[in-house]
Amino acid sequence: MLILKRKIGEELKINSNIVLKVLSISDNQVKIGISAPSNVEVYRAELLDKVRTSIIEASQKSKEELAKLNKLKINKVEK
Amino acid sequence: MKIKNNQFGEIEFNKNSIFKFENGLFGFEELKEFILISSKEELFQWLCSIDEPEIVFPLFQLKAIDKDYPVEEKNDAFGVVTLNSEPSKISINLKAPVYLNKEKQSGRQVILDTTKYPVKHLLFVEE
């Protein structure tokens with residue numbers, strides 16, 4: 001892993017079109033600004049892992065036997 | 001064109017009905033082409049990989065769960081469903097919708113940057 005030290009307000013460039021900027025630092029949190037073209041996907045790593053795991057589980061369970069579902073009530077998102 | 005899998009047997013489809021996913025799905029980034037299988041009697045629609053026909057994802061229309069669910073123009077938003085033999089344990093992923101554009105026959109999955117929608121939302125309520 002490449003490790004670089006940066007101060008508040010300083011930037012890193014990845015290729016010519018992605019910029020990471022250190023905006024602020026507190027005790028155990030760093031605020032990072034990211035400028036990138038819209039086709040670059042930026043995600044919090046732990047969230048991406050959670051989504052991946054969920055989609056993989058969905059594909060594995062896609063063959064589960066299903067009971068009659070038509071009479072069940074859909075759980076709508078509350079306002 | 002034809003593919004075959006255990007769940008649906010032989011599936012015949014038109015080349016024009018293929019949905020192209022440039023980035024695949026999360027966890028399945030290498031799968032780029034899918035067809036959508038639907039039948040009137042069924043609650044779910046099924047997104048079936050053409051490259052690996054045994055890989056199938058049950059989908060459910062998100063507007064039926066939340067009429068304010070974020071949609072993109074000319075796209076339908078679907079949630080990937082995790083089935084279970086016990087209906088009360090069936091969940092749907094509201095965090096990472098699959099958008100299908102039926103005009104362009106393209107699809108993509110995104111992660112919404114909001115805390116409103118969880119990865120696991122139980123699909124049914126007990127009465």
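In this report, the structure presented in the accompanying data block is examined. Computed from a prediction, not measured in an experiment: that's the story for all the values here. (Residues numbered from 1 in each chain as written. Chains lettered and ligands numbered in written order. Predicted model: local features only at pLDDT ≥ 70, side-chain atom pairs only at ≥ 80, totals over all residues.)

**Structural notes on the overall build of chain A**
And then number 1: The secondary structure content of chain A amounts to 1 helix and 4 strands.
And then number 2: The order of α-helices and β-strands along chain A, N terminus first, is β-β-β-α-β.
And then number 3: For 79 residues, the compact-globule formula gives about 12 Å, and the C-alpha radius of gyration of chain A, at 21 Å, lies well above that figure.
And then number 4: For chain A, the spread of C-alpha atoms along the three principal axes comes to 60 × 30 × 25 Å.
And then number 5: The 79 residues of chain A split such that 8% are buried.
And then number 6: Long-range contacts, defined as pairs at least 24 residues apart, comprise 0% of the intrachain contacts of chain A with a sequence gap of at least 6. (Helix = DSSP H or I, 4+ residues; strand = E, 2+ residues; numbered from the N terminus. Rg over C-alpha atoms; globule rule 2.2 N^0.38 Å. Buried ≥ 20, exposed ≤ 12 C-beta atoms within 10 Å, placed from the backbone. Contact = placed C-beta atoms within 7 Å.)

**Some points on the interface of chain A and chain B**
And then number 1: Tallying the contact residues gives 27 residues for chain A and 32 residues for chain B.
And then number 2: Secondary-structure elements contributing two or more residues to the side of chain A that touches chain B are α1 (45–60) and β4 (73–74) of chain A.
And then number 3: Ranked by residues supplied to the side of chain A that touches chain B, first place goes to α1(A) with 11 residues.
And then number 4: Tallied by class, residues from the side of chain A that touches chain B come to 13 nonpolar, 5 polar and 9 charged.
And then number 5: Two strands pair when backbone bridges link them, and β4(A) and strand β11 (residues 124–125) of chain B are joined in this way by 2 bridges, in the antiparallel orientation. Each residue of the ladder has a partner; that of I74(A), found in β11(B), is F124(B). (Nonpolar A, V, L, I, M, F, W, Y, C, P; charged D, E, K, R; others polar. Pairing = 2+ DSSP bridges.)

**What about the nonpolar core?**
And then number 1: Formed by 32 residues in total, the largest nonpolar core has its most connected members in I55(A), L47(B), L59(B), V80(B) and V81(B).
And then number 2: At the level of secondary structure, the elements contributing two or more residues to this core comprise α1 of chain A together with β3 (19–21), β4 (33–37), β5 (45–49), β6 (56–61), β7 (75–82) and β8 (91–101) of chain B.
And then number 3: With 5 residues, the top contributor of residues to this core is β8(B).
And then number 4: Setting aside chain neighbours within four positions, we find V81(B) in contact with A58(A), F44(B), P58(B), L59(B), F60(B), I90(B), I92(B) and L123(B). (Core = buried A, V, L, I, M, F, W, Y, C linked by C-beta atoms within 7 Å.)

**Observations regarding unusual backbone geometry**
Glycine aside, negative phi is the norm for most residues, and most peptide bonds take the trans geometry.
All names here are of chain A.
And then number 1: The residue N15 is not glycine, and still its phi comes out positive at about 50 degrees.
And then number 2: Following the sequence through the fold, N15 ends up in the loop between β1 (11–14) and β2 (18–26).
And then number 3: Note on N15: 9 C-beta atoms within 10 Å, which makes it exposed.

**Regarding the pairing of β4(B)**
All names here are of chain B.
And then number 1: Burial of the side chains of β4 is restricted to one face: F34 and L36 are buried, whereas none of E33, I35 and I37 on the reverse face is.
And then number 2: In this structure, β3 lies alongside β4, joined through 2 bridges in antiparallel fashion. Among the inter-strand pairings, K20 is bridged to a residue of β4, identified as E33.
And then number 3: The pairing of β4 with β5 spans 4 bridges and is antiparallel.

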